[in-house]
Amino acid sequence: KQWYQRRERVPGLYTAAQNQWTDSFYTQNGYLTVDMMRAKGIDNPHTVISRYEDAISLPSGCLSKTSLASAQSIVEEALSAEGFIELTDWMFEWCKAEDEEKLVQLVVSSLPADKVRVLPGNGMVSVDLLTSLLGQFGDQVTSKAATDAANPKILASLKKFDDASSMLGDSVKGGKKGKGGKKGKGGKGGKSRDIEDDEPAHTAPVPGPTFLSIDLIAKELAGFQVFQTSEPKEEDTLSEIGALLKKQLDEKYRLALEEEVKKKTQKSSKAQQRADEDTINSLFNTIIQCEKGLKVFEEAIRSQIERHILKTLATDLTKATFSVLAEEYECPFNGDTTKLDTLIPYLPKAAKPHGTSLITSVTSGSDVVEFLEAYTSLTDPQFTQLLVRKLDKKKERNLVFAKKQSLLESLKSEEKSGELLSIASSLIFLKQHGAFLHVPGRCISSVLRVVSGDLPEEERALLEGLQGEGVAERRGEGAMEEERKATL
């Protein structure tokens, strides 16, 4: 009766048997669990555990210090050899989730604090391995930064990040003020004023450009030799290591990106700056001279010529000007026509609409006057140190004379019939209208109709004949005779 009613009284013999079993099991295996002791009829497992001086108490049992030392040895060896270890590689099978966290802390406490990082899944990775992995991403970081230095969206993100960082630094400096102040409506000694001044502004963080997402970093890690040799068993291990690396990779990437931007925005020499300014003014005034002659053409032809001017001379002028502005505003514009909008985020707020209008004109516009208006607004002295000026009458005459001499020299050395005809037409147009001619080849017939209107019949017939011979020459049907070229 006493045997079955053990809640009231347990015979000493039965208790001795229980103690003998726990001592034997603990000595042989280095652990005990609450569940197995209860299965043996032990109602007070934690009291039993307290009898062992070297036992480490856990929520679901206990572990001997010798067993813990064995686990620590496994972890240290793995971190030294592979650089990482997952929980399943060393955790005791009998441990429950509530035991694992405490055991991880105990194992980590035996390691140098600056040599290991614990992953969210309780795996561990050595700092040496993390440093090595960062180094292996080096070439990819540099390559991506070099490519992204020409990406307008990424550059805009970098500028916002830099501006936000600068503002944060300024607010921190501004917050270090002495207390006190004059009495006022705010209360004694200006207390409320002090509180307002000293509290930092709470603004949403600006993320800035990033290297890769955690998932993409994990995919890259899967291809590294260390993880090819010792493939992780848990599917989240590489993502968790990637999360540890991401902040430093993003920082390395931003520094590399800023370095690429710096390379592309190095200041030109004074002589180069003067040469660039001369080139820009020459193109600007050349377009003005071309625009003066547009009114003599019919609307359909004039529209074609305007688009040609915008695609050629105006595009060259825009690229040259944007290169100068990019240097002023430290933007890495590389002269690529397809990336003209790279500059826009770097411009002052009031200048951005003019820059956008200018890009629209050269990429899809058809009005030279609109281009000149947008260009003049963008190069206003309030936005740039670049001095772009329309020529006065005397300098304009000098420009026209220089153009005439250049055409005459070209006429002497040119061999192709079509080019000869184009140069001759430009000279005649310049003489008749005092304006430059810049037209696509398909419009040369319309130009000849305009310039030949005031010519004697004989000279008009000569031009028309020369046009036919030029077409034949381009088709390979014969070359213009030297005598005819000389006549032209």
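Residues numbered from 1 in each chain as written. Predicted model: local features only at pLDDT ≥ 70, side-chain atom pairs only at ≥ 80, totals over all residues. Heavy atoms only, no water.

Okay, the pattern of salt bridges next. Summed over all chains, the structure comprises seven salt bridges. With its nearest N and O atoms 3.1 Å apart, the salt bridge here joins D35 to K96. Of the two residues, D35 sits in helix α2 (residues 34-39) while K96 sits in the loop between β4 (84-85) and α5 (97-109), which places them 61 residues apart along the sequence. Among the residues examined, D35 registers a relative accessible area of 48% and is labelled partly exposed. Residue classification places K96 among the partly exposed residues on the basis of a relative accessible area of 35%. When the shortest N-O distance is used, the salt bridge between D250 and K246 registers 3.1 Å. (Salt bridge = Lys/Arg side-chain N within 4 Å of Asp/Glu carboxyl O. Helix = DSSP H or I, 4+ residues; strand = E, 2+ residues; numbered from the N terminus. Buried < 20%, exposed > 50% of the residue type's maximum accessible area, 1.4 Å probe, protein only.)

Okay, the side chain of N281 next. Locating N281 in the fold gives a position in helix α13 (residues 270-292). When near neighbours in sequence (up to four residues on either side) are disregarded, N281 contacts L387, V388 and R389. (Contact = heavy atoms within 4.5 Å.)

The next thing to look at is the sheet that holds β4. Two pairing modes exist for strands in a sheet, parallel and antiparallel, and in both the strands are linked by backbone hydrogen bonds. Taken in spatial order, the three strands of this open sheet run β4-β6-β5, and their pairing is antiparallel. Pairing within the sheet leaves two strands with one partner each, and these edge strands are β4 and β5 (116-118). The sheet contact formed by β5 and strand β6 (residues 124-126) spans three bridges and is antiparallel. Residue pairing across strands places R117 opposite V125, the latter belonging to β6. Contacting β4, β5 and β6, helix α6 (residues 127-136) runs over the sheet at an angle of about 65° to β6. (Pairing = 2+ DSSP bridges. Axes fitted to C-alpha atoms, helices over the stretch in contact; angles between N-to-C directions.)

What follows covers the packing of helix α14 (residues 299-328) against helix α16 (residues 368-378). The contact between α14 and α16 brings their axes to 11 Å, and the two run at 10°. One element, α14, and the other, α16, form an angle in the roughly parallel class. Of the residues in α16, those in contact with E306, I309, L310, A314, L317, T318, T321, F322 and L325 of α14 are V368, V369, F371, Y375 and L378. Split into classes, the residues belonging to the contact of α14 with α16 amount to eleven nonpolar, two polar and one charged. (Parallel < 35°, antiparallel > 145°, perpendicular 65-115°, else oblique. Nonpolar A, V, L, I, M, F, W, Y, C, P; charged D, E, K, R; others polar.)

So, about α6. Within the span of α6, buried status applies to V127, L129, L130, L133 and L134. Buried residues of α6, seen end-on, are gathered within an arc of 160° and therefore sit on one face of the element. Exposed residues pointing more than 90 degrees away from the buried face of α6 are listed as D128 and G135. (Arc of directions from axis to C-beta.)

Right, let's talk about the packing of aromatic side chains for a bit. Evaluated as defined, the whole model comprises twelve aromatic pairs. Ring geometry for F137 versus F224: centroids 5.1 Å apart, planes at 55°, classification tilted. Taken together, the residues F137 in the loop between α6 and α7 (138-148) and F224 in the loop between α10 (214-222) and α11 (225-229) connect sequence positions 87 residues apart. The class of F137 is buried, set by a relative accessible area of 0%. Note on F224: relative accessible area 11%, which makes it buried. (Phe/Tyr/Trp six-rings, centres within 6.5 Å; stacked < 30°, edge-to-face > 60°.)

Attention now goes to the nonpolar core. Most often, soluble globular proteins have nonpolar side chains that are buried together. Residues F137, L221, F227, L245, I287, F322 and F371 are the most contacted members of the largest nonpolar core, which totals 84 residues. Broken down by element, the residue count for this core peaks at eleven residues, all from α14. Once residues within four sequence positions are removed from consideration, I287 is found in contact with I309, L313, A314, L317, V368, F371 and L372. (Core = buried A, V, L, I, M, F, W, Y, C linked by side-chain atoms within 4.5 Å.)

Moving on: a positive patch on the surface. A contiguous patch of positive charge, built from K390, K393, K394 and R397, is present on the exposed surface. You can see R397 is positioned in helix α17 (residues 393-413). (Patch = residues over 30% accessible without salt bridge, like charges linked within 9 Å, V, L, I, M, F, W, Y side chains within 5 Å. Areas by Shrake-Rupley, 256 points an atom, 1.4 Å probe, with all protein chains shown as cover. Lys, Arg positive; Asp, Glu negative; His and termini not counted. Charge placed at Lys NZ, Arg CZ, Asp CG, Glu CD.)

Turning our attention to the sheet that holds strand β3 (residues 61-64). Read from one edge of the open sheet, three strands run β1-β3-β2, paired in antiparallel fashion. With one partner strand each, in any of the chains shown, β1 (31-33) and β2 (55-58) form the two edges of the open sheet. Within this sheet the neighbouring strands show an average axis-to-axis angle of 15°, counted without direction. Pairing between β2 and β3: four bridges, direction antiparallel. Looking across to β3, one finds that I56 is bridged to L63. Of the strands in this sheet, β1, β2 and β3 are in contact with helix α1 (residues 12-29), which crosses β1 at around 130°. Running at roughly 140° to β2, α5 makes contact with β2 and β3 of the sheet.

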